[in-house]
Each structure stands twice: as structure tokens, then as C-alpha cells.
Amino acid sequence: MDSGVDRGRVSALYERERASYIAARPRTLGLWRRGEASMPNGVPMSWLRNSFDPVPMWVDEGSGSHFRDVDGHDYLDTNIADMSMFTGYAPEPVVRAVSQRMALGSQ
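Residues numbered from 1 in each chain as written. Predicted model: local features only at pLDDT ≥ 70, side-chain atom pairs only at ≥ 80, totals over all residues. Heavy atoms only, no water.

A. Just the pairing of strand E2 (residues 66–69), in detail. On E2, burial follows the alternation: Phe 67 and Asp 69 on one face are buried, whereas His 66 and Arg 68 on the facing-out side are not. Examined bridge by bridge, strand E1 (residues 59–63) and E2 share four bridges and lie antiparallel to one another. By the bridge assignment for E2, Gly 62 is matched with Phe 67. Counting the residues that bridge the hairpin from E1 to E2 gives two residues, and of these Gly 64 lies at a positive phi of roughly 65°. (Buried < 20%, exposed > 50% of the residue type's maximum accessible area, 1.4 Å probe, protein only. Helix = DSSP H or I, 4+ residues; strand = E, 2+ residues; numbered from the N terminus. Pairing = 2+ DSSP bridges.)

Quick look at the structure:
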């Protein structure tokens, strides 16, 4: 049964958006290439390579439920899993407690 969807058009749109996504992440690509010299697949954990396609994500900072990649793109973390430690990014009480403890010595 014909769905009426032009598969060629869908493929062309996908490739256009994929290329646009990659082009908007030059620092990410540079860090990934650099990582390939010392880590399998260029990332610290193998599952990271396949979790983010077409390029792995390089997070620069986070606050609450948002994080920003090294190219300045802001994301809402709707997964709230490994990377945000179930409490969001940089929750103030945790940052304060860790900072106070580290000020006393890290050993």
C-alpha cells in the first residue's frame, strides 16, 4: 500500500538537517577528533558514541534541568539520568557542600 510519502524527499530532508546539525557544532567535532587519538570512538565511555548521532555531545556546563554544549547550544535534559545525576545540574546545596568540604582539603 502506498502511503503517499515521497521517500526521496524524506531522505533529502534528513540529509539536509543532519548536515546542518553537524555544521553548527565545529568545536564538538574538533574535540571528538582529538578524543579519537586517545579513546576508543573518541569518547570516554563506549555507549556515548551511539547515544548521540550524528556526533557525540560535548557538554560545557549545566544548571538545573538545562545544559549547554561546547558550541553554545542549550538543551533541556528530559532524560535526567547519568549526566545530571538525578538532581539536575549543579544544584546549589550540593555545590555549596562540596565547595565547603574541598576548601578544607581534597585528600
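B. Seen up close, a nonpolar patch on the surface. The grouping of Val 94, Val 98 and Met 102 at the surface amounts to a nonpolar patch, some 270 Å² of accessible area in total. Relative to the elements of secondary structure, Val 98 occurs in helix H4 (residues 92–103). Here Val 98 falls in the partly exposed class, since its relative accessible area comes to 46%. (Patch = residues over 30% accessible without salt bridge, like charges linked within 9 Å, V, L, I, M, F, W, Y side chains within 5 Å. Areas by Shrake-Rupley, 256 points an atom, 1.4 Å probe, with all protein chains shown as cover. Salt bridge = Lys/Arg side-chain N within 4 Å of Asp/Glu carboxyl O.)

C. View of the sheet that holds E1. Taking strand neighbours across the sheet as the criterion, the three strands line up as E1-E2-E3 in an open arrangement whose pairing is antiparallel. Strands at the two margins of the open sheet, each flanked by one partner only, are E1 and strand E3 (74–76). When the angles between neighbouring strand axes are averaged without regard to direction, this sheet yields 25°. (Axes fitted to C-alpha atoms, helices over the stretch in contact; angles between N-to-C directions.)

D. Fine view of the packing of aromatic side chains. Across all of its chains, the model carries two aromatic pairs by this definition. Taking 5.6 Å as the distance between ring centres and 55° as the angle between the ring planes, the aromatic pair formed by Phe 67 and Tyr 89 counts as tilted. Here Tyr 89 lies in the loop between E3 and H4 and Phe 67 lies in strand E2, a separation of 22 residues in the sequence. Comparing Phe 67 with Tyr 89, the two get one shared label, buried. The rings of Phe 67, Tyr 75 and Tyr 89 are connected pair by pair, giving a single aromatic cluster. Here Arg 25 stacks its cationic end above the ring of Tyr 21, 3.6 Å away from the centre of that ring. The cationic tip of Arg 33 hangs over the ring face of Trp 32; the distance from NZ or CZ to the ring centre is 4.5 Å. (Phe/Tyr/Trp six-rings, centres within 6.5 Å; stacked < 30°, edge-to-face > 60°. Lys NZ or Arg CZ within 6 Å of the ring centre and 35° of its normal.)

E. Molecular detail of H4. Here H4 spans 16 Å end to end across 12 residues, near enough to the 16 Å set by a 1.5 Å rise per residue. Positive backbone phi, at 125°, marks Gly 105, one or two positions downstream of H4. (Expected span 1.5 Å × (residues − 1).)

F. Seen up close, the environment of Leu 13. Take Leu 13: it is sitting in helix H1 (residues 7–23). Judged by its relative accessible area of 28%, Leu 13 falls in the partly exposed class. The sequence separation of Leu 13 and Val 59 amounts to 46 residues, and the corresponding C-alpha distance is 27 Å.

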